[in-house]
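Here are the chains, one letter per residue:
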Number of protein chains: 2
Amino acid sequence: MTTSRPRQLHLNAFLMNAGHHDAAWRHPGTQPERVTDLRYFQHLARTAERGLLDSVFLADGLALFNKVRHNALGGFEPLTLLSALAAVTERVGLIATVSTTFNEPFHVARKFASLDHLSGGRAGWNIVTSGTVAEARNFGQDEHLEHRLRYERAREFVEVATRLWDSWADDAIVLDRERGIYADTDRVRAINHRGEYFGVEGPLNVPRPPQGHPLLVQAGSSEDGKEFAAQYAEAVFTAQQTLADGQAFYKDLKSRLARYGRTEDQLLILPGIAPVLGSTEAEARALEQELTDLQVPEYGLAQLSGMLGVDLTGLPLDGPLPELPEERDINGNKSRFTLVAELARRDGLTLRELIARLGAGRGHRVFAGTPEQVADQLEEWFTQGAADGFNVMPPLLPGGLEDFVDHVVPILQRRGLFRTEYTGRTLREHYGLARPDNAAPAPAS
Amino acid sequence: MTTSRPRQLHLNAFLMNAGHHDAAWRHPGTQPERVTDLRYFQHLARTAERGLLDSVFLADGLALFNKVRHNALGGFEPLTLLSALAAVTERVGLIATVSTTFNEPFHVARKFASLDHLSGGRAGWNIVTSGTVAEARNFGQDEHLEHRLRYERAREFVEVATRLWDSWADDAIVLDRERGIYADTDRVRAINHRGEYFGVEGPLNVPRPPQGHPLLVQAGSSEDGKEFAAQYAEAVFTAQQTLADGQAFYKDLKSRLARYGRTEDQLLILPGIAPVLGSTEAEARALEQELTDLQVPEYGLAQLSGMLGVDLTGLPLDGPLPELPEERDINGNKSRFTLVAELARRDGLTLRELIARLGAGRGHRVFAGTPEQVADQLEEWFTQGAADGFNVMPPLLPGGLEDFVDHVVPILQRRGLFRTEYTGRTLREHYGLARPDNAAPAPAS
Ligand SMILES: Cc1cc2nc3c(=O)[nH]c(=O)nc-3n(C[C@H](O)[C@H](O)[C@H](O)COP(=O)(O)O)c2cc1C
Ligand SMILES: Cc1cc2nc3c(=O)[nH]c(=O)nc-3n(C[C@H](O)[C@H](O)[C@H](O)COP(=O)(O)O)c2cc1C
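As the structure is a computational prediction, the values presented were derived from the model and not from experiment. (Residues numbered from 1 in each chain as written. Chains lettered and ligands numbered in written order. Predicted model: local features only at pLDDT ≥ 70, side-chain atom pairs only at ≥ 80, totals over all residues. Heavy atoms only, no water.)

Asker: Now, about the interface of chain A and chain B: what can you tell me, with residues and values included?
Answerer: Taken residue by residue, the interface counts 73 residues in chain A and 73 residues in chain B. Counting each side, the surface lost to burial between chain A and chain B is near 6000 Å², with a carbon and sulfur contribution of 57%. Among the salt bridges present, the one from aspartate 142 of chain B reaches arginine 194 of chain A, with a minimum N-O distance of 2.8 Å. At the level of elements, helix H2 (78–86), helix H3 (105–118), strand S5 (173–176), strand S6 (181–183) and strand S8 (199–200) of chain A are the ones that each hand at least two residues to the side of chain A that touches chain B. Considering every element that reaches the side of chain A that touches chain B, the biggest residue donor is H3 of chain A, with eight residues. Among the residues making up the side of chain A that touches chain B, the classes are represented as 34 nonpolar, 22 polar and 17 charged. (Contact = heavy atoms within 4.5 Å. Buried area = accessible area lost by both parts, 1.4 Å probe. Salt bridge = Lys/Arg side-chain N within 4 Å of Asp/Glu carboxyl O. Helix = DSSP H or I, 4+ residues; strand = E, 2+ residues; numbered from the N terminus. Nonpolar A, V, L, I, M, F, W, Y, C, P; charged D, E, K, R; others polar.)

Asker: So what's going on with the relation of the copies chain A and chain B? Which residues, and what values?
Answerer: Superposing chain A onto chain B takes a rotation of 180° plus a shift of 0.0 Å along the axis, which leaves an RMSD of 0.0 Å. What the rotation and shift describe, once combined, is the action of a two-fold rotation axis. Judged by C-alpha distance, alanine 84 of chain A is the residue of chain A that lies nearest the rotation axis, at 1.9 Å. Of the residues that chain A buries at the interface, 100% are likewise interface residues in chain B, meaning the two copies contact each other through the same surface. (Least-squares fit on C-alpha atoms with pLDDT ≥ 70 in both.)

Asker: Talk me through the packing of H2 of chain A against H3 of chain A; I want residue IDs and the actual numbers.
Answerer: Residues and elements named next belong to chain A. Across the interface, H2 lies against H3 with an axial gap of 9 Å and an inter-helix angle of 15°. Of the possible angle classes, the one that applies to H2 and H3 is roughly parallel. Note on packing geometry: the crossing formed by H2 with H3 is left-handed. In contact with Leu79, Leu82, Ser83 and Ala86 of H2, H3 contributes Lys111, Phe112, Leu115 and Leu118. Residue classes in the contact of H2 with H3 are distributed as six nonpolar, one polar and one charged. (Axes fitted to C-alpha atoms, helices over the stretch in contact; angles between N-to-C directions. Parallel < 35°, antiparallel > 145°, perpendicular 65-115°, else oblique. Left-handed = near helix turned anticlockwise from the far one by under 90°.)

Asker: Lay out the site of ligand 1 in plain terms, naming residues and giving numbers.
Answerer: Residues and elements named next belong to chain A. Not every one of the 23 residues close to ligand 1 is listed here, only the nearest: Asp60, His147, Tyr151, Ser222 and Ser335. Residue serine 222 places a side-chain N or O atom 2.4 Å away from an oxygen atom belonging to ligand 1. Interatomic distance of 3.0 Å between a side-chain N/O atom of asparagine 333 and an oxygen atom of ligand 1. Starting from 620 Å² of accessible surface for ligand 1 in isolation, the protein chains cover 91%. Taken together, the elements giving at least two residues each to the shell around ligand 1 come down to strand S4 (123–128), helix H5 (147–165), strand S10 (235–238) and helix H10 (334–347). Element by element, the count of residues in the shell around ligand 1 is highest for H10, at three residues. (Near = heavy atom within 4 Å. Polar contact = N/O pair within 3.5 Å; in protein donor to acceptor, adjacent residues only side chain to side chain. Areas by Shrake-Rupley, 256 points an atom, 1.4 Å probe, with all protein chains shown as cover.)

Asker: Any details on the nonpolar core? Residues and values, ideally.
Answerer: Residues Leu11, Trp125 and Phe390 of chain A together with Leu11, Trp125 and Phe390 of chain B are the most contacted members of the largest nonpolar core, which totals 200 residues. With residues up to four places along the chain from it excluded, the contact list for leucine 11 of chain A reads Leu53, Asp54, Ser55, Phe390, Val392, Phe404, Val409, Leu412, Phe418 and Tyr431 of chain A. (Core = buried A, V, L, I, M, F, W, Y, C linked by side-chain atoms within 4.5 Å. Buried < 20%, exposed > 50% of the residue type's maximum accessible area, 1.4 Å probe, protein only.)

Asker: Describe unusual backbone geometry, with residues and values.
Answerer: Residue and element names in this part refer to chain B. Residue proline 203 follows glycine 202 across a cis peptide bond; omega there is -5°. Mapped onto the elements, proline 203 comes out in the loop between strand S8 (199–200) and strand S9 (215–218). Cis peptide bonds are those with omega within 30 degrees of zero, and the linkage from leucine 397 to proline 398 qualifies with 0°. Looking at where proline 398 falls in the secondary structure, it is placed in the loop between strand S13 (389–392) and helix H13 (399–414). Of note, arginine 362 is a non-glycine position whose phi angle comes to about 50°, a positive value. As for its placement among the helices and strands, arginine 362 is situated in the loop between helix H11 (351–359) and strand S12 (365–369).

Asker: Tell me what's going on with the pairing of S12 of chain B, and back it up with residues and numbers.
Answerer: Residues and elements named next belong to chain B. The buried fraction of S12 amounts to four of the five residues, a majority that puts the element mostly inside the structure. Here strand S11 (residues 268–277) runs beside S12; their pairing, made up of five bridges, is parallel. Bridging across to S12, isoleucine 273 finds its partner in arginine 365. (Pairing = 2+ DSSP bridges.)

Asker: Please provide a residue-by-residue account of the packing of helix H9 (residues 297–308) of chain B against helix H10 (residues 334–347) of chain B, values included.
Answerer: A packed helix pair is summarised by two numbers, namely the angle formed by the two axes and the spacing between the axes. Residues and elements named next belong to chain B. For the pair H9 and H10, the least separation of the axes is 8 Å and the interaxial angle reads 120°. Contacts from Leu304, Met307 and Leu308 in H9 reach Arg336, Phe337, Val340 and Ala341 in H10. Here the residues of the contact of H9 with H10 are counted per class, giving six nonpolar, no polar and one charged.

Asker: Lay out the pairing of strand S1 (residues 10–15) of chain B with the relevant residues and their values.
Answerer: Residue and element names in this part refer to chain B. The element S1 is extensively covered by neighbouring structure, given that six of its six residues are classed as buried. A two-sided burial pattern is seen for S1, the buried positions comprising His10, Asn12 and Phe14 on one face and Leu11, Ala13 and Leu15 on the other. As judged from the four bridges shared by S1 and S13, these two strands associate in the parallel manner. Bridging from a neighbouring strand, leucine 11 pairs with phenylalanine 390 of S13. Of the strand pairs in this sheet, S1 and strand S2 (residues 55–58) are connected by four bridges, and their pairing is parallel. For phenylalanine 14, the partnering residue across the bridge sits in S2 and is phenylalanine 57. A crossover links S1 with its parallel partner S2, the connecting element being helix H1 (residues 38–50), and its sense is right-handed. (Right-handed = clockwise from strand over helix to strand, strands pointing away.)

Asker: Outline the UniProt feature "domain: Luciferase-like" (unreviewed entry) in chain A, supporting the account with residue identities and numerical values.
Answerer: UniProt records the feature "domain: Luciferase-like" (unreviewed entry) for residues 26–386 of chain A in the present numbering. Taken end to end, residues 26–386 of chain A is 40% helix and 14% strand, and its two terminal C-alpha atoms sit 34 Å from one another. (UniProt positions renumbered as here; feature names shortened; annotations may be inferred.)

Asker: Provide a residue-level description of helix H7 (residues 243–255) of chain B, including the pertinent values.
Answerer: Residue and element names in this part refer to chain B. Here H7 spans 18 Å end to end across 13 residues, near enough to the 18 Å set by a 1.5 Å rise per residue. Taken together, the buried positions of H7 are Gly246, Phe249, Tyr250, Leu253 and Lys254. For H7, the buried positions fall inside an angular range of 120° around the axis, keeping them on one side. Opposite the buried face of H7, by more than 90 degrees, sit the exposed residues Ala244 and Lys251. Each element contacted by the buried residues of H7 is listed here: helix H6 (223–232), strand S10 (235–238), S11 and helix H12 (371–383). (Expected span 1.5 Å × (residues − 1). Arc of directions from axis to C-beta.)

Asker: Tell me about the site of ligand 2, residues and numbers included.
Answerer: All names here are of chain B. For ligand 2, the set of nearby residues contains 23 residues, the closest of which are Asp60, His147, Tyr151, Ser222 and Ser335. Asparagine 333 has a polar side-chain atom sitting 3.0 Å from an oxygen atom of ligand 2. Serine 335 has a polar side-chain atom sitting 2.4 Å from an oxygen atom of ligand 2. Protein burial of ligand 2: of its 620 Å² of free accessible surface, 91% is covered by the chains. Of all elements in the fold, only strand S4 (123–128), helix H5 (147–165), S10 and H10 reach the threshold of two or more residues within the shell around ligand 2. Looking at which element gives the most residues to the shell around ligand 2, the answer is H10, with three residues.

Asker: Give me the environment of valine 236 of chain A: which residues, what numbers.
Answerer: Residues and elements named next belong to chain A. Secondary-structure assignment places valine 236 in strand S10. We classify valine 236 as buried; its relative accessible area is 0%. For valine 236 and leucine 267, which are 31 residues apart along the polypeptide, the C-alpha to C-alpha distance reads 7.4 Å. Setting aside anything within four residues of it in sequence, one finds valine 236 in contact with Gln218, Ala229, Phe249, Leu253, Leu267, Leu268, Ile269 and Leu270.

Asker: Break down the pattern of salt bridges for me, citing the residues and quoting the values.
Answerer: Residue and element names in this part refer to chain A. Under the counting rule described, the total for this entry stands at 62 salt bridges over all chains. Arginine 345 is paired through a salt bridge with glutamate 342; the nearest N and O atoms lie 3.4 Å apart. Taken together, the positions of arginine 345 and glutamate 342, both in helix H10 and three residues apart, correspond to about one turn of that helix. One salt-bridge network, in which partners are shared between bridges, spans Glu223, Lys226, Glu227, Asp252, Arg256 and Arg259.

Laid out in structure tokens, this is it:
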């Protein structure tokens, strides 16, 4: 734990095809022809590691959606890609998104245990419940499981996964060649779970992971989402547009922890930021405008239709938004719906303006400026109770990540806000989070 | 295709914890403390690659069974580990076992497509139906799906996976920055599958893999297993004890191909061999005896109970086998049951002798001798119509694989039976198998 050191911020690099801006792939600075090339991601992960970042992160969805006509897509399954990256990096954490709605806990616990062993304790799991009916339709379901039930399933899923990781005591392997005893099987136990959604006998067929459990990350900000995070998550990604919103979310979520017997430092909050960097402010703004000019309106409209649960096709781009549903009627991503609806209302945006505002960050905060100005923003949110660190979403890759590492990180370091070397080996150590004890396997009964 | 070159054999390295012998981990030449260490497997894969082998292969089971008390277990999930190995090897093929009984085709198609992209076309899938009730109990089922129905599910599973890989035309990505068109979505199609076991709308969210489809491998030798292989498999692993058995299996399986409109060279048969190598025959036999002496009888008895579907605990080791069930009553691995039962009957073995015979290969052929003698055996099976190549199962790792590569491979090369350099890049090219065309996505309708 970092108790004696001054509080420092944490940085995650959110990796995304040619970059987070939806027109990134059209920009001459990107390399969309490499999004299915391992070496491209190897370069990104090594760049993050060169910048001493805590982790890299891959999002995931289980359907193609309508996005591939006008946007680049590599489509790597996150655990597969991060396993490959584990072999060519040394320190940086590796956070994979896996849905609890369309998976089985035995497989997921096993794969994360494998990644954690492979990487020497660098695995993290972004636990998502998946938001679209298109995903359900790839798994034999016509309708998407209701939002509340998805989180209910997620809770049981995480409970089972946790018990599976704990089904081996840390010291179960005795490796006594002389007596022919490899593992003390009194210290490897079935879990005999029978619940609402899952029946899992256990034990897991992999020894306990180096980190005990992989780091548990969560990224839903609805009521159910926050409650789930308060109970299980150790890091939270969230989209927050303003300092005030960020502070309110931060306070809200941290205040829920005590209910689960947890302290505020056991959960880190990392709002997203899409930094559009330039060596002058004018240069940064020009880049932002250049990207806006490259947007394909049909694409933006389709994305927006998905977020808002309303078909916007054919509406005039320079007109206002139509009447929107209420959050309670949204069965997808509730918090993102509300954020986008608020943003449009607050700033009185036309469809075209809203599409431009969402282009770089899909609802995450976008900030265009110099490295100094970006560092100021991060410092402000970090010191004013809105963030424990940031989910960095470069609009263009690899350039935006290289610029962040080469120009923003050194400023944060000079200000004493960010590490100047890795002091730990595991992802938990980077985030200053304890390795969970294994309460489960008692001595022989 | 290798039509103009003389026929050469294919070699796969079957990687297994501290080695294939069940007492390998007790032998001073092995490194059981490294079975959860990526660098250990990296060394094994690179050794196979140094030997110009076609592929490395990982088996898999979805339950711990009772084996961890007396045998070393790393437990890496195969796709995770092979993805990591993809990043640190260049040429060798990577074959992962994944069960069709406890998975969803969308996930599996996606992960293999990812591995195939990551590795530049080196992915192979060993399609298994899983044989034990312990596995079912980790997936909410009290009983194991019936053998015949498992294969029925496997057929539908492979059909769906194949259609998902084909849901993108090879040339779907147009990457037209100017016009803002990334993919020609007329060349990316839903599959709209609704079958007995699965409902999958598609398309896949990953572009078509470099190999078109990963190499399809199969390893069941029952009637249903052979029929499945004849329809779908491109390489088959099989356990055969004698040349005559190997020839009969080879002829049987190849003769089934025509029924599915396939030619004999579209499926390669690779019997397993566990070579116990020594610089003299006496040395090899001494090593074999040394390993037998290290066996833990309780472990052998438990393994044998599993294979035979009879609880043998407590029976006298120096007595005969009890009455056995019929193959039709076995719901696990039918072909292995029959092989072991035959072996015991034919040679009139006691339990102890049978455990010794199965120690190195679990029913696969074991051969102790010099590199020259091992090469003679391989040549004989290869030229006498019993094999297109071999699944090499070193009793001890890493030493047994190093010895095979350093001492057996050069002999095979001198005899013109094995490649002296990689001529292809992909796993299919190594095996001389064509890249499947994509019949599916027609031009815009
Ligand atoms: C930074 C960030 C990344 C996310 N990544 C994914 C993702 O990869 N896959 C996914 O299905 N949902 C993702 N989400 C969505 C949430 O995990 C969550 O499922 C969604 O917000 C619905 O939850 P809510 O209704 O509680 O907000 C992400 C959200 C954020 C803020
Ligand atoms: C070399 C070899 C490797 C195998 N690997 C696996 C494996 O990793 N996982 C598994 O469940 N079955 C494995 N099997 C078993 C078969 O794939 C098959 O499921 C089993 O033999 C039952 O089929 P059968 O009754 O048709 O023989 C393997 C068999 C062989 C010969």
